[in-house]
Every structure is written in structure tokens, then in C-alpha cells.
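# Summary of structural features
Each chain is listed here by its residues.
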Amino acid sequence: MTETATLNADQDIADSLCAQVKQAYAERAPLRIVGGNTRAFYGLPVDGEPLEMAGHTGIVSYDPIELVITVRAGTRISDLEDALAEHNQMLAFEPPRFGSASTIGGAVATGLSGPRRPWAGAARDFVLGARVISQEGKLLRFGGEVMKNVAGYDMSRLMVGAQGTLGVLADISFKVLPKPTVSHSLKLSMPLDDALKKLAKLGRQPLPITAAAWHAGELFVRLEGGKSSVNATREQLGVRKSVRTCGANCATWSTLFSLRITTRHCGGCRCHPTPQPWRWILPRTIFSMTGRAASVLSKHPLTPTPSATSANRQAAMPPVTRLLSMAVRKPPSHHSIQWWKNITVS
Amino acid sequence: MNILYDEHIDGELQSFEKSDILADLQQSVPSLTLLHREEDLRPFECDGLAAYRVLPMLVALPETLEQVQTLLKRCHALGVPVVTRGAGTGLSGGALPLERGVLLVMSRFKKILSIDPDARLARLQPGVRNLAISEAAAPYGLYYAPDPSSQIACSIGGNVAENAGGVHCLKYGLTVHNVMRVDIITIEGECMTLGSEALDAPGFDLLALMNGSEGMLGVVTEITVKLLPKPETAKVLMASFDDVEKAGRAVGDIIAAGIIPGGLEMMDKLAIQAAEDFVKAGYPVEAEAILLCELDGVEADVDDDCQTVRQVLEKAGATDIKLARDEAERAKFWAGRKNAFPAVGRMSPDYYCMDGTIPRRELPRVLKGIAALSQESGLPVANVFHAGDGNMHPLILFDANREGELALAEEVGGKILELCVAAGGSITGEHGVGREKINQMCSQFQADEISVFHALKAAFDPDRLLNPGKNIPTLARCAEFGAMHVHNNELPHPELPRF
């Protein structure tokens, strides 16, 4: 029953990767792990010999009925999503892509998630297991290909977002989900504070909302699920013919997907050629501080006039070039937590 | 092999006089309730895995975080091991005391600190009962999703320690998916906050790591959990099958139809009969297997899905399909499943509950293997299965008063777990390793992987004082257990003494 899909490039170079890591460790030579090289802007620049992951590709195993797929880290996100789409399934955390070369290993190493994050969960919530190359160049297996597994410490989830500082991700197993039967996105004109109030109210009801964003006076909401519930929710939101709607692949979601936003709202000028938005992740309690959200965002000394924010607390604001989550990043204070420091792979 | 702490293979523990430690702790934390007389210690000698009992040296019952912090600092300075215990309902001996250790009981921390309906968060002390969270959230139309069957008694701190599951994991996840933040105190007495009220935090995901770490890395002092809007409706279908394999295939068919049920449970004949005899749930006693499929969500969708599932079950060869007519009947269907363990307990003086997980497609093969082990040993095995997420709970029936039967039950249990590992699964889905499955860890992990676990433990607790001997076996234990993976015929760590 296990189905092994074959992609154009299906090759296992784990042995060679292990050998490279082993040698680098012996020589104490830092490595820079590179997949599609589309996320280099994220985190601090790394000085080291590249460890090329893009050649380690293909689906190791995929059984749609098990809702589990195991994939080599260098596989492009688009290839993986195509393979899942054939069986009407998806990666529910909607990994953002920063170009066609974006790999699934990079998505997991950076731990970024897409618009479904507040409802379905983050990248780490869908990682079931991983094979990881240790600093000594050994291939270690943590977690597995089953939904529930509490044996030992949860090393595979610890790898998510660790940016390769704890080991090199070789293969990753994910829980996947069926695609929703119906997907429908709506647009409602309202100021930011009203949008925040509305989302807080909607959040307390069991509605089929899977994404929400506010941008330039408009609240976007994506409804997904069964036909009946999506239609009922549309009516509840008061959306009738007069409101323009767009489908699942509506431009709004794909721009949020890649954490990019168009610059045309930036005072009518093109402020930045390749804007990379700030990404703030704020407590949902900001909703109960009605009115504060906009003022916090506008008064922050590092930010220009706010032009966009979203319900999943991703405030997308051109033109800035770094992610705030990295700027405010602090190392863990506890001295003994720095056990990873002696790892050369970075 | 005996699973009680054995210093020869589990590592040496420091020697000291109980009276010295007691005097020291009484002086350094004067307000702390410390139990030291045998009759006071007796109730704490085991957790939910009652087959194993050890009298702790001392029991500490703190009421303030300052007491916990000072106690930990003092134990750290004295080199005294600390085993943390919540409600004591764990099934893997995770809170099994040490003869030369302090048992730190967190059950007095049972305040719900706040419920924020707009943020959909609850801030809790670790001793809050799992069910109490949902009860407190109910007025806002919210609830806490993970529901281990001990939810009436088990505490949220223990849920975090074991990464507890329940019958709704496929759709709603385990504890790790529903916890936003935990505060811990390390063995050195340092307070740390992992995670936050925001969805993602920069840095290593130590929050994920803390879930399921079995009290080995820190003592959990506060937990913030996600609350979900209560589904508008929930409906349960019960399908009977004349063949376990057909029922197993039906589970795959439901998922292939694009449906993720809120709960999807399977029981075999012995479990059905036991449950029916006990709670009169209306189960078909002549069936070889039943499936309980709960669909929850928005009313209109649930009705559509019920139709689809009914068709799928018919096609899969179900001999009978019943939809619970009302809330009362739905509760009755679930009562049979939720009481399956005590029901089986009525059939036999003792039972031993396993917790392996497998890819669902392996179910027929693993069930055959279990049947063979049952026949060979003469011990009946009833099967209860979280079919949706591949988590099996075989219940091995035995009589501890009959010489050698406990040992035989343990042996059969160990072999069942090895079957699960061989099928690509895991030795534990939700109960944890604790002390119970310490030997089977050696079959699931290689020596290099176990060494990484030890390195991680050392980062938080270099002196191995927090819950020593649980969760991760020493390499010496694996060598003795004889299940160590030998790669290329090179014995890992040849420098270790073998017994």
C-alpha cells in the first residue's frame, strides 16, 4: 500500500552529506547548510563552507491513507505539494516559499508557517520525525512515521526552527491532511480596530475560518470546510453579492504565504525594490486592548507608517528588510542550555 | 529483568542519612510540609502503574513556588534526587519514587489563574485537573481538547510531563499541540519561561521539548493552554464487523474519503464483551470488532460527513451501523469505550495495559502477532485501539497471585512493543516511557541516539538529579537488556562494562 512517488530528481546523497559533515567536524570547519538558498535573509549571516542539500531529493515514502509522508530535505516545496495534491492532500501549515527553489528542509529549519497557522498549527506541529546528521556525521533517527510517539525526548520538534544549529535535517516525516472540500475567501471593508474586534468575536465560535488578514482597510477571511458550513458562515458574515470574493489561490494569501506584500500601498510610491516585511508575532490578547494595536504599530520607533497587519499577528510592513523576530532574538539565559554551542554545523 | 532502579546499571546514587536530609530540608524550607514516617509515605509508593512500588525517602508537599525553588536548590546542593509527581495517575511509572530520593508532589497547586475568552487561553497551576479546565472554560463556549481517559483526576502538569493524548488526537493533537507556554524551575532553582501567549517564539523550541520530558528537565510550575470553541455538534456512528481486518480497512477508507473524525476507536471481541457486561453500552457482543466514529464540527458539515462515513462503512462490509440518536445514546456509546479498562479489570484479577503505536496499515499483522503471543503464553489479550491515530492499547489479562504470571505478562507486553517497533511504530503513544518501558527504549533507539538524549538531559541537569532512571535507559542497561542495535558488527561504546 505504501506508494513511493518518483520525482524527476530522486536521489539519496545522505552518505555523502554525512561524510562532509564528519570531515568538517574533524577539521573544526563551520558549515553553511544550503537548500534552495531562498531564506538566507533570515537569521544571522553564516560564514562557512556550503553543505549543498538541494541534491538530496525525493519522496521516501507516502501512504495517503496513513496521512504521513517522508521526504528528503532537499526536495522543493512545490514538488512535495504537487505529490500531495495528486491525492487531494496538503501540508496544513502552508510553508511560505521565497522562490521556486525553496526546499522543505529550509522550511522546517526556519520553522515558518503560513496563514493557516493560528487555526491548524505551526510547522513543528506537523513534524512527526526526522533523520538528522549529527556533528560526528552520523545519521540519527528521532520520532517516526506515526501520529503519536512519546518515546524519548522530542528531538525532531526541537530541530524545527533551530536553523541547522543542532544537526543537519536529512529526511523529515510529516503529518498531512486532506484538502478542504470548499475554499472561499472574502473581503470586508473595515478599519483595523473593527477587524480585530470582529476576529476576536468570530474566534470564539466554531467557524470554518482558516486564514485572516487585514490590509489597507480591508479584512480578508478565508473559509474552508464543508460546502454547507462555508455557505452558512458567509451569510453570517453578511457577505452577499456586493462584496468581491476570491478563491483559495487569491493573491492575498500567496503574498502572505511568502511574507511579501506589494508596495503600491506605501504612500503611492515604490519604496523598496524587493520589500521583505517585518513579522511580528503578538499575543492574541492584543485584541482585548482594542485601539492599542494600531498605535503600538505606528509609534514603534523602528517602523514606518503601518500599512498592513494580519489576524495571525503577522504585521507586514514595507519597507523593511529584516524580520523583527530575529532582531529581538535573545539567546536562552540559562548557561547550561548552551550545550549546542560546540556544534560546528551552523 | 526487574525494572526497579538498579544502581549497577542505572547509575550510582549518592548515599546519605535520611535523618540528615530531613533535618537539612526542615531547616532550609521551614514552612514546607515534609512527610517522613512510613505510614505517611505509603500512599505515595506508586503511581497509576501499581505493579511497581517503592517507598520514597521523603515526600514534599509545597504550596508556594518559593518552597519549590528552595527545595530544588537544596536538593541540588545535597545531591538528593527529586521525583516530581502530579495526580499520580500516570501509567508508565514516571512518578515511581526512589528509595533515596525526595518525591515532590505538586498536587496542591490547583488554581486556575485566569481564563481569557478573547485570547482563548487559560493560565493554570500544574495541579489543575484536566477536566476542570474544560469545566471552567465552558461558560465561554470553549474547552481544552486533549482528553486522556483519566481526565477526571489527572493534572495538567502531569499531562505536560507525559505529553498526554486521549481519544481525539488525530484531529486535535496531543498536549504538545495545545500548550502555549510553560514556566519551569530547573534543578538548580532557576525559573524559566518557555513559549509565550503569542503563537510562535524565536529561539529553540524548548516548549516542544518540555512536553513529554517526564520531569527529567525541570519542574513545571505554570502552564498556559489553548482553548478551542466547542464544536456545534458531535455525532457518533457505531459499526459492527465480523472480521477485525475489515474494520481495520474501514478506518483507512474513512480517511481516504477525506474525513478526519474527531474520534475513531476500535475494540475487539473480548473488549466489546467486557465493556457490554460492565456498562451495557448497547454493543453487539457477537461482533468480532466495532468501530466508533465521532464526527464533530458545524452541524451541516457533520450531517454531510455522517452520510459519507455511513456509505464507506457499508462498502467496507460492516454488518450493522448505528447512529447515536441523541446525546444520551452518544454518551452511552462512549461510556463503553471509556470504561474499557475497568471493564476488562472485572474479567481478570490483574491486567497490564500496553501503549504501542503503529502505522494503521500494519494493524492486521500486529493483531495476528498479538494473538499468537496470547496463545503461546496462555494469557488472554483484549484490544482497544485509537484507530484514527494508530495507538493500540492491548490489555494483557493475568493473575499476580499465580507464581510467575506477572513476569509472563511483562514478557508478553515487551514482545508486543517490539512488534510495534518492527512494524515501524513506537513503544509508547501517550503513556510515556517512565520506568515501565525503559528496556524497550533500547529496541527503538540506537546507542548514538540514546547518547544524544543523555547529552540533552545533561544540558538541563548535569548531575542527573531530576527523576533519574526514567525515560532514557543507560547504555549499560541496553547492553544488559541485549537489544542494542549493533551496526556493522561494531559494538557501540566498547569501553562500557557489560554484564
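So, a few notes on the structure that sits alongside this text. On a predicted model such as this, the values are computed, not experimentally measured, just so you know.

## Digging into the state of the cysteines
Residues and elements named next belong to chain B. One pass over the full model with this rule turns up 1 disulfide over all chains. Disulfide pairing is shown between Cys442 and Cys478; the S-S distance is 2.1 Å. Every disulfide takes its handedness from the sign of the S-S torsion; for Cys442 and Cys478 that torsion is -80 degrees, giving left-handed. Of this pair, Cys442 sits in helix α16 (residues 441-444) while Cys478 sits in helix α18 (residues 475-481), and the two are 36 residues apart along the sequence. By relative accessible area, which is 1% here, Cys478 ends up buried. Free of any disulfide, Cys46 has its nearest cysteine sulfur in Cys353, 16 Å distant.

## Focus: the sheet that holds strand β13 (residues 263-268) of chain B
All names here are of chain B. Spatially, the 7 strands line up as an open sheet ordered β15-β12-β14-β13-β17-β18-β16, and their pairing is antiparallel. The open sheet has two edge strands, β15 (320-323) and β16 (350-353), and neither has a second partner. Neighbour-to-neighbour, the strand axes of the sheet open up by a mean angle of 15 degrees, direction not taken into account. Taken together, the 9 bridges between strand β12 (residues 233-241) and strand β14 (residues 289-297) define a ladder with antiparallel strand orientation. The partner of Val236 across the bridge, within β14, is Glu294.

## Remarks on the sheet that holds strand β1 (residues 33-35) of chain B
What links the strands of a sheet is backbone hydrogen bonding, and the strands pair in either a parallel or an antiparallel sense. Residues and elements named next belong to chain B. On the basis of which strands lie adjacent, the open sheet formed by 4 strands has the order β1-β2-β4-β3 and mixed pairing. The open sheet is flanked by β1 and β3 (82-85), the only strands paired with a single partner. Neighbour-to-neighbour, the strand axes of the sheet open up by a mean angle of 25 degrees, direction not taken into account. Pairing of β1 with strand β2 (residues 58-61), which is carried by 3 bridges, proceeds in the antiparallel orientation. Among the inter-strand pairings, Leu34 is bridged to a residue of β2, identified as Ala60. On the sheet, helix α2 (residues 18-28) packs against β1, β2 and β4 (102-105) and is oriented at approximately 15 degrees with respect to β2. Helix-sheet contacts for helix α4 (residues 65-78) involve β2, β3 and β4, and the interaxial angle to β4 is about 165 degrees.

## Overview of the interface of chain B and chain A
It is common to give the size of an interface as the accessible area lost on bringing the parts into contact. If you look at the interface, chain B gives 80 residues, while chain A gives 64 residues. Together chain B and chain A conceal approximately 6,300 Å² of surface at their shared face, both sides included; 60% is due to carbon and sulfur atoms. The largest contributions to the chain B side of the interface with chain A come from Leu199(B), Phe204(B) and Arg361(B), which together make up 12% of the buried area. On inspection of chain B and its partner chain A, the count reaches 8 salt bridges. Here Arg361(B) and Glu66(A) are joined by a salt bridge, their closest N and O atoms 3.9 Å apart. Applying the counting criterion to the chain B and chain A interface returns 22 residue pairs in polar contact (both at pLDDT 80 or more). At 8 residues, the largest contribution of residues to the side of chain B that touches chain A is made by helix α17 (residues 447-460) of chain B. Classifying every residue of the side of chain B that touches chain A gives 38 nonpolar, 22 polar and 20 charged.

Each value, and the rule that gives it
- Residues numbered from 1 in each chain as written.
- Chains lettered and ligands numbered in written order.
- Predicted model: local features only at pLDDT ≥ 70, side-chain atom pairs only at ≥ 80, totals over all residues.
- Heavy atoms only, no water.
- Disulfide = S-S within 2.5 Å.
- Helix = DSSP H or I, 4+ residues; strand = E, 2+ residues; numbered from the N terminus.
- Buried < 20%, exposed > 50% of the residue type's maximum accessible area, 1.4 Å probe, protein only.
- Pairing = 2+ DSSP bridges.
- Axes fitted to C-alpha atoms, helices over the stretch in contact; angles between N-to-C directions.
- Contact = heavy atoms within 4.5 Å.
- Buried area = accessible area lost by both parts, 1.4 Å probe.
- Salt bridge = Lys/Arg side-chain N within 4 Å of Asp/Glu carboxyl O.
- Polar contact = N/O pair within 3.5 Å; in protein donor to acceptor, adjacent residues only side chain to side chain.
- Nonpolar A, V, L, I, M, F, W, Y, C, P; charged D, E, K, R; others polar.

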